Amino acid sequence: MHFSGVHERIRHWFHSKGWQPFDFQLDVLREYDRVETGLVHAPTGMGKTVAALLPVIHHEFQLRDAAASGSDGTPDSGLKLLWITPLRALAGDTVHSIQSVLTGHGIDWKVEARTGDTSASRKARQRKALPDVLVTTPESLSLLISYPESTGIFNGLRSVVVDEWHELLGSKRGTQTELGLAHLRRRRPALKVWGLSATLANLDLAVEVLAGTHPRKTAIVSGRHEKEIHIESLFPDSMDCFPWAGHLGLALLDRVLEVLDRASTSLVFTNTRSQTESWFHAIRDARPQWDGAVAIHHGSIDRKEREPVEQGLKDGSLKVVVCTSSLDLGVDFIPVEQVIQIGGPKGIARLLQRAGRSGHQPGRPSRIVCVPAHSLELVEYAAVRRAIATGRIEPRNPLEKPFDLLVQHVVTLCLGEPRPADEIFAEIRSAWAYRDLTRTEFDWALDFIQFGGKSLRAYKDYSRLMEEDGKLHPRSNEVGKFHRMGIGTITSDTAVPVKFKSGKTLGSVEESFISRIRPGQVFIFSGRTLQLEKFHANTAYVRAASGKKPGVPSWDGGRTPLSSQLADAVLEQLECFARGELDSEELRQVAPVLNRQADSSILPLPDTLLIENTRIRRSQSWFVYAFGGRLAHEGLVALVAWRITEQFKATVVTSVNDYGFHLSVNCDLPADAAFWNEILGSEDLEADLLECLNASEMAKRQFREIARVAGLIFSGYPGARKSARQVQVSSQLLYEVFSRYEPEHLLLDQARREVLQQQLEINRLRQLLEKIHSRKIQIVSTGKLTPMAFPLWAEMIRGEISSESWTDRVRKMAEELSRDSTAA
DNA sequence: GACCTGCTGCGGTGTG
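Structure report, in brief. (Residues numbered from 1 in each chain as written. Chains lettered and ligands numbered in written order. Predicted model: local features only at pLDDT ≥ 70, side-chain atom pairs only at ≥ 80, totals over all residues. Heavy atoms only, no water.)

1. A look at the overall build of chain A
This is how it is decided: Only runs of H or I of at least four residues qualify as helices and only runs of E of at least two qualify as strands under DSSP, and these elements are numbered from the N terminus. In this setup the radius of gyration rests on C-alpha atoms only. A globule is expected at 2.2 Å times the number of residues raised to 0.38. In this scheme, a residue with accessible area under 20% of its type's maximum is buried, one over 50% is exposed, and one in between is partly exposed, where area comes from a 1.4 Å probe on protein chains only. Every residue pair with non-hydrogen atoms within 4.5 Å of one another is taken to be in contact. Surface accessibility follows the Shrake-Rupley procedure with a 1.4 Å probe radius. Residue values consider only the protein chains on display as shielding. We treat Lys and Arg as the positive residues and Asp and Glu as the negative residues; His and chain ends play no part in the count. For the purpose of locating charges, the reference atoms are NZ of Lys, CZ of Arg, CG of Asp and CD of Glu.
When you go through chain A residue by residue, the secondary structure sums to 30 helices and 27 strands. Compactness check: chain A gives a C-alpha radius of gyration of 28 Å against a globular reference of 28 Å for 824 residues, within 12% of the reference. The burial tally for chain A puts 56% of its 824 residues in the buried class. Pairs at least 24 apart in sequence give 74% of the contacts found in chain A among residues at least 6 apart. As displayed, chain A offers around 34,600 Å² of accessible surface, 49% of which is attributable to carbon and sulfur atoms. Within chain A, one finds 102 positive and 102 negative side-chain charges whose respective centroids are separated by 5 Å.

2. Points about the protein's contact with DNA strand B
For the record, the criterion: Throughout this document, a residue counts as near a molecule or strand when at least one of its heavy atoms sits within 4 Å of that molecule or strand. Here a polar contact is taken to be a pair of N or O atoms separated by no more than 3.5 Å, where protein atoms must pair a possible hydrogen donor with a possible acceptor and residues adjacent in sequence count only if both atoms sit in side chains.
Taken together, 56 residues form the shell around DNA strand B, and within it Asp240, Pro243, Trp555, Gly557 and Ala814 come nearest. Of all DNA strand B atoms lying within 4 Å of any protein atom, the proportion belonging to sugar or phosphate reaches 60%. Between DNA strand B and Arg484, the relevant distance is 3.3 Å, taken from a sugar or linking oxygen to a main-chain nitrogen or oxygen of the residue. Contacts to DNA strand B include Trp555, whose backbone N or O atom sits 2.3 Å from a phosphate oxygen. Contributing elements (two or more residues each) for the surface near DNA strand B: helix H6 (138-146), helix H11 (273-286), helix H18 (477-485), strand E25 (716-717), helix H29 (789-800) and helix H30 (803-823).

3. Quick notes on the nonpolar core
As a rule of thumb, soluble globular proteins bury nonpolar side chains together. So the rule is basically this: Here, the term nonpolar core denotes a set of buried Ala, Val, Leu, Ile, Met, Phe, Trp, Tyr and Cys residues that are joined through side-chain atoms within 4.5 Å.
Counting 112 residues, the largest nonpolar core has Phe154, Val160, Val410, Ile428, Leu663, Trp676 and Leu712 as its most contacted members. Looking at this core element by element, the count peaks at nine residues for helix H15 (residues 403-416). Not counting residues up to four positions away in its chain, the partners in contact with Val160 are Leu81, Leu82, Ile84, Leu181, Leu184, Leu191, Lys192, Val193 and Trp194. Cys323, Leu327, Val369 and Val590 belong to the second-largest nonpolar core, a separate cluster that totals 87 residues.

4. Focus: unusual backbone geometry
Even without a glycine there, the phi angle at Asp469 is positive, about 50°. Although it is not a glycine, Ser526 sits at a positive phi angle of roughly 60°. The residue Ser526 is located in the loop between strand E18 (522-525) and strand E19 (528-536) in this model.

5. Looking at the sheet that holds strand E22 (residues 619-624)
Just so we agree on the cut-off: Strand pairing is assigned whenever DSSP detects at least two bridges linking the two strands. Axis definition: a line fitted to C-alpha atoms, over the contacting stretch in the case of helices. Angles run 0 to 180 degrees between N-to-C directions.
Strand order in the open sheet formed by five strands is E23-E24-E22-E21-E27, and the pairing between neighbours is mixed. Only two strands of the sheet have a single neighbouring strand rather than two, namely strand E23 (652-656) and strand E27 (776-782). Here the strands of the sheet are splayed against their neighbours by 20° on average, with no regard to which way each runs. Where E22 meets strand E24 (residues 661-665), five bridges bridge the pair, whose relative direction is antiparallel. Residue pairing in the sheet places Trp622 in a bridge with Leu663 of E24.

6. As for helix H1 (residues 5-17)
Going by this rule: Take the number of residues in a helix, subtract one, and multiply by 1.5 Å to get its expected span. The directions from the helix axis to the C-beta atoms are what the arc is built from.
The end-to-end C-alpha distance of H1, which contains 13 residues, comes to 19 Å, matching closely the 18 Å that a straight helix rising 1.5 Å per residue would cover. Burial in H1 covers these residues: Val6, His7, Ile10, Trp13 and Phe14. Viewed end-on, H1 has its buried residues packed into an arc of 115°, placing them on one side of the element. Every exposed residue of H1 that faces more than 90 degrees away from the buried side is listed here: His12, His15 and Ser16. Phi turns positive one or two residues past the end of H1, at Gly18, with a value near 75°.

7. Points about the pattern of salt bridges
What counts, and what does not: What makes a salt bridge here is a side-chain nitrogen of Lys or Arg within 4 Å of a carboxyl oxygen of Asp or Glu, nothing more.
According to the stated counting rule, one finds 52 salt bridges in the structure shown. With its nearest N and O atoms 2.9 Å apart, the salt bridge here joins Arg9 to Asp65. On the criterion of sequence distance, the pair formed by Arg9 in helix H1 and Asp65 in helix H3 (residues 48-68) is long-range, its members being 56 residues apart. In this structure, Asp443 and Arg439 form a salt bridge, with 3.1 Å as the shortest nitrogen-oxygen distance. With a gap of four residues between them, Asp443 and Arg439 both fall in helix H17 (residues 439-451), about one helical turn apart. Take Asp443: its relative accessible area is 34%, and that puts it in the partly exposed class. Put simply, Arg186, Arg187, Glu417, Arg419, Glu423 and Glu427 are held in one network by salt bridges that share partners.

In short, the description is geometric, and any link to function would need to be established separately.
Printed below as a string of structure tokens:
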């Protein structure tokens, strides 16, 4: 390897820190001249930040050397490096670490952040002149682009780093980043762009998306230092008394406490917010001596309450933090000794990400302790360990031309600088997501922005731009004001704020939860026991309380399905088990349950589709183990139920989980493979789905978010947000107007598309159906519920009856089952 | 004797 003087200086810096450079860091340095868009992927905590800065430093050294030898002019002033991060909470720490690496090399650039947290005066200054390095979010970048006085501030920009690109890639925020990059590249054609990412299955696509459509020289640089991951599971004393279903996992509380005892800092990850509340209370009640050293963190807790928790982790004053994905990324700069996962892993990448929160330093292994909430989760842990060992991981799929964001971005661009339509079209098409955007679609968007489209022509409010001298201009200053308040793609939920009378906000809960609580009743939230004082002006006023049996809130959140990769890996583990290859402790432990499944039915395997048929009182229950994840199953079960009722005069009750779905039918269905093959046919899938799912209701809800991103709905001034109801009313009105007068409206089309793709995972469903037809259908009649059927049955009766009798019925059924097993 | 669910993320005005 040849090292110029520049490389020597960089080597020297590593030496001064007592570090060895990693190969991939030097690879990035070597690729810099050749490559225009690159992607660095390495496990978390492996020095990606330094890797991204080395070429920037190298370039600056070259310029300085040239200037010193008199061959070049003065160095650029203003912004040279733009660093995009998805999380504003990371911006401050990123500023410091960039600053320190640069200073170490004798480069005294000014490094600043610009996010929503930045002070108003600094933001005002930054509109006109930027520091040498700016750390920002995709949203704040869009805002910068939207200010007329910012024209020119990117004129000295040399490189962009997109941090945590894997996190942005699969979302509209990623698409927004693509559009931002397309704009910056138009201004600076020679721009170098580097993405930093965790490992993904589709790295090639990830770099392609980052590069956009211009032919660009790209490279993928891999961190070769494999991170060591230790996955350990906790087991109950006996599988006999371990639940077959459920999600809380508190059965293993004592074991978890022992694990917490042995480390000074632990992160306890859960899968839901309400689970976080339950575990926080359980731990605090069991270890009162840890008072003040146990904290809770999730997305519905107010940011002001969360910040001290993050700080407590940083300074080591907290021993245990119970959290959701809210701390998946946010603790990059924090030393955590061990990580605990309560409940199923859901995905391979997800477990890796969480495990990576511990041992967050080169050379140190990551450890994660997995706590099953029910028996079959042990198979998931075995599967995820195997998948990691064989290098299998999920892809993240980028979005394709979302029209709501297109509409938003065109306005953003024209606010910053009035431009001819052709030029804007070309720029937008250079972003990967819009590479296939047709001129017709683009013209539709322009017409919509200028005149409100076909159906809103009469309303001036929807006319945002106008053409003058061949350029698109904002129609008024008002347009800019309202538009900037709506920039971004995250649409917030409909939750009710929870406040003390003093005015301090604790966070927010679901309206459906708080409406069940009467004043005087006690519930837990944000780790506190609270009493509802009154519900007034869409706000829940509470005071601290003590009380037994407090209610635990639940939220209407996302329902992360088991990933396809992990579902396949689970089936493979069952196959291993069937072959007698019990090469993990998890499989050995769960053996009694799997044996019972195999004895009373069969084990579902990769090449079979198991359908169980059980008579429960007067109904026939059919359990289909399709292993498609709960979202795809929700679509599938609706479809199957609909097709059944088309053929038979029957009432069908359904339930789903990640492994399969269940139909309870009050008539006899044929127990032969041909019938099920037909019922599960993939013909007319989309049309049938839209028909049977009451799709317009789902689309209507999805449309609300689309209308907000497209700037059709103003959701209120900061600090004085409109209520969910108000937003709902105006979005519904628009939906109805479009449906009536302009059914081909591209935003309606997008709403349907998003329902199919995001809420029902149509692509996965389609693949699933194809896979089903290549599998052998095996129908087994069972006398009793099997271990795999039990959770689906319990899930079904949850929707049927009150919680009191739910408990009774589950207990009764469990007792019945356990009597059988002792008798057997 | 088993059990009640369901993630995250950002940003903004203007006038007295």
